[in-house]
Amino acid sequence: MRLDSALAGLRRGLLGLASQGWRRGWALLPAPAARLAAAIRVPLALLARRALGTPPRPPRLDRTPPEALQRWRRRHEAWLQGRLPPAPRPGTTPRFLVRIADGEAAPGALAASLASLAAQRHPPTAIRLPGETGKPPEAEWLLVLRPGEVLHPLALALLAEAARAWPAAQILYADEEQAGEGGAIPWLKPDFDADWHLAANLFGPATAWRTALAARWPDAPPEELARRAARAVPAAAIRHLPMLLATAPPRQAGREQEAAAAVLAEAAPDARVSAAPLWPAACRIAWPLPDPAPLVSVLVPTRDRAALLEACLEGVLHRTDYPALEVIVIDNDSREAATAALLARLRQDARVRVLPAPGPFNYAALNNQAAAAARGEVLLLLNNDIEVIGPGWLAELVAQAVRPGVGAVGAKLLYADGSLQHGGVVTGIGGVADHYLPKTPREDPGPFGSLGLVREVTAVTGACLAVRREAFLAVGGFDAARLAVAFNDVDLCLKLRARGLRNLWTPFAELYHLESASRGADLSREKMRRFAGEIATMQDRWGAALMADPFYSPWLSLEGAYAALAPRPQWRDEFAG
């Protein structure tokens, strides 16, 4: 048994090394060769997996072994020292006022915060302690620290450099380490995400507010100031520094929920705030449906596979708590008797229409055809291999999709074994995109609640995607000519983002997804050729932006969307544009 165990461990280790070499090898190819190689990369990976088994995935950041985490911290520190800007010209140095927030603190907490301020390479203009009165010295920027929060010695120097690089910025925030029972863990944050911020507060001790902005809420605690100030300025005025510039104790759930509730009581009194089930330190914000609820057109492409379609629509029509929906079944050349009988039964429901769509399978064209025929204000694109779990999924998706400024909304999709199939899409993985943290257990909240909270993402899967029909049509729907099967959903989401809309993923709409059960793997020569063309289309159309997902830290590896630490930043110039 010991020998078997040792051999199994050796096999896993060799698979891991081979997998790492495989992923990094593709990254070394010059652009023309990489474009050509993209045609065979995925099929080769599938064949290798069948022959050798699935290689172990790298540990995600919140489960990195302590020794590896320490090595990563040393690399990050060396990189940070290299970011130290040259001495600024006289009169160009931003001034920082630091206010210590009032409240209970552990012994020594205040002293630790003050010691970190005394060690700053760029000293603060002044420090205001709790209870101090009188007019503070003039400063352009304000930081608010709770006792026990500690700044990195370069924090103010790098915030000053960011202030010079981004003169239109109103709020600057950086990453931080959060202390816990098992030691500190780096919180590598996304660029500004209004939903995640409202629920969990992306800002921390290394956050600087324009003094004039913060002065509008002089007595607000830091958690409330963070939310009120963020809502008062455009998202473009909030800039993120992807660098660890502070260490903080864990967030206090009561403070965060009270702050979110106080802000929403004025901004959206019908929204309900409660503790997020998988991440109680943050909030679930339940947005109300309009009254009356908008009609939803559920678009379901299918070709035979009657059992799949029946299970899908039984859940939609009979186990979904939503008052206004129509179902459009897009029949793409079904020929089996069982499918014909099922479609005949479905037609007896006044909510169902069957739209004949003969011809070769073209997912994009099928959905475009159905969207043109739809009557609903909201489109719900749904694969025929989706199964409903609970009744509230559609109401959650629609409530998010009809909010101002929202584009596409994706659901939490699970494999049949209950593990995660879709937690949002990260671009840049495999040269185009991939799903975030696949095969994660259903109850896992993800790093810092990323799988337990509504958050902004670059893209979501079209397997279950809600979008206002007006927005879908405004961007031309799916590209049926060049993205017939793969990546049309990512392309749609990128087009919506280009129009200024935000794409969201919600964990509060859960469904099962038997991924591509009705299509199978793309391994035939024809499908490989088509897939290569779709990769080329995405890379030609979106270029470098495809590799710079703003909601996936540049300190996370692009060797799979596993939230694993990267040895160096992957793509971002921290003070660019």
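Our structure is the block above this text.
Computed from a predicted model, the values in this text were never measured in an experiment.

Colleague: Tell me about the overall build of the protein, and please be specific about residues and values.
Modeller: Looking only at helices and strands, the protein has 16 helices and 22 strands in total. Counting all 577 residues of the protein, 54% fall into the buried class. When contacts within the protein are restricted to residue pairs at least 6 apart in sequence, those whose partners lie at least 24 apart make up 78%.

Colleague: If you had to explain the nonpolar core to someone new, which residues and values would you point to?
Modeller: In this structure, Leu-172, Phe-203 and Trp-209 are the most contacted members of the largest nonpolar core, which totals 118 residues. Examining the composition of this core, we find that seven residues originate from one element, helix α5 (residues 155-165), more than from any other. Ignoring any residue separated from it by four or fewer positions in sequence, one finds Trp-209 in contact with Glu-140, Trp-141, Leu-142, Val-144, Gln-170, Ile-171, Phe-203, Ala-214, Leu-225, Ala-226 and Ala-229. Membership of the second largest hydrophobic core comes to 44 residues, among which are Leu-313, Leu-342, Leu-382 and Leu-397.

Colleague: Go over empty space enclosed by the protein, please, and point to the residues and values.
Modeller: For the coordinates displayed, the defined rule picks out two cavities of 30 Å³ or more. Each pocket or cavity is described by its volume, and for the largest cavity that value is around 210 Å³. Breaking the lining of the largest cavity down by element, the ones donating at least two residues are β18 (425-427) and β20 (455-457). Each residue belonging to the lining of the largest cavity can be placed in one class, and the counts come to 15 nonpolar, three polar and three charged. What the second largest cavity holds in volume is close to 80 Å³. Considering the residues around the second largest cavity, the lining is formed by Asp-195, Ala-199, Cys-283, Arg-284, Ile-285, Trp-287, Gln-400, Arg-403, Leu-453, Val-454 and Phe-508. Secondary-structure elements contributing two or more residues to the lining of the second largest cavity are α6 (194-200) and β10 (283-286). Split into classes, the residues belonging to the lining of the second largest cavity amount to seven nonpolar, one polar and three charged.

Colleague: Requested: an account of the pattern of salt bridges, with residues and values cited.
Modeller: One pass over the structure, following the stated rule, counts 32 salt bridges. As a salt-bridge pair, Asp-417 and Lys-439 come within 3.0 Å of each other at their nearest N and O atoms. Taken as a pair, Asp-417 in the loop between β16 (406-414) and β17 (420-422) and Lys-439 in the loop between β19 (433-435) and β20 lie far apart in primary sequence, 22 residues in all. Judged by relative accessible area, Lys-439 falls into the partly exposed class, the value being 43%. Between Lys-495 and Asp-491 there is a salt bridge whose closest N-O contact spans 3.7 Å. With Lys-495 and Asp-491 both in helix α15 (residues 488-498) and four residues apart, the pair spans about one turn of that helix. Since its relative accessible area comes to 17%, Lys-495 is described here as buried. One salt-bridge network, held together by shared partners, links Glu-176, Lys-189, Arg-227, Arg-251 and Glu-256.

Colleague: For a nonpolar patch on the surface, give the residues involved together with the corresponding values.
Modeller: A contiguous nonpolar patch, built from Leu-110, Ile-127 and Leu-129 and spanning about 190 Å² of accessible area, is present on the exposed surface. Within the secondary structure, Ile-127 is located in strand β2 (residues 126-128).

Reading the values: rules and limits
- Residues numbered from 1 in each chain as written.
- Predicted model: local features only at pLDDT ≥ 70, side-chain atom pairs only at ≥ 80, totals over all residues.
- Heavy atoms only, no water.
- Helix = DSSP H or I, 4+ residues; strand = E, 2+ residues; numbered from the N terminus.
- Buried < 20%, exposed > 50% of the residue type's maximum accessible area, 1.4 Å probe, protein only.
- Contact = heavy atoms within 4.5 Å.
- Core = buried A, V, L, I, M, F, W, Y, C linked by side-chain atoms within 4.5 Å.
- 1 Å grid on protein atoms, 1.4 Å probe; cavity = no way out; pocket = protein on both sides within 12 Å on 5 of 7 lines; lining within 4 Å.
- Points joined across faces, edges and corners; volume = space filled by probe spheres on them.
- Nonpolar A, V, L, I, M, F, W, Y, C, P; charged D, E, K, R; others polar.
- Salt bridge = Lys/Arg side-chain N within 4 Å of Asp/Glu carboxyl O.
- Patch = residues over 30% accessible without salt bridge, like charges linked within 9 Å, V, L, I, M, F, W, Y side chains within 5 Å.
- Areas by Shrake-Rupley, 256 points an atom, 1.4 Å probe, with all protein chains shown as cover.

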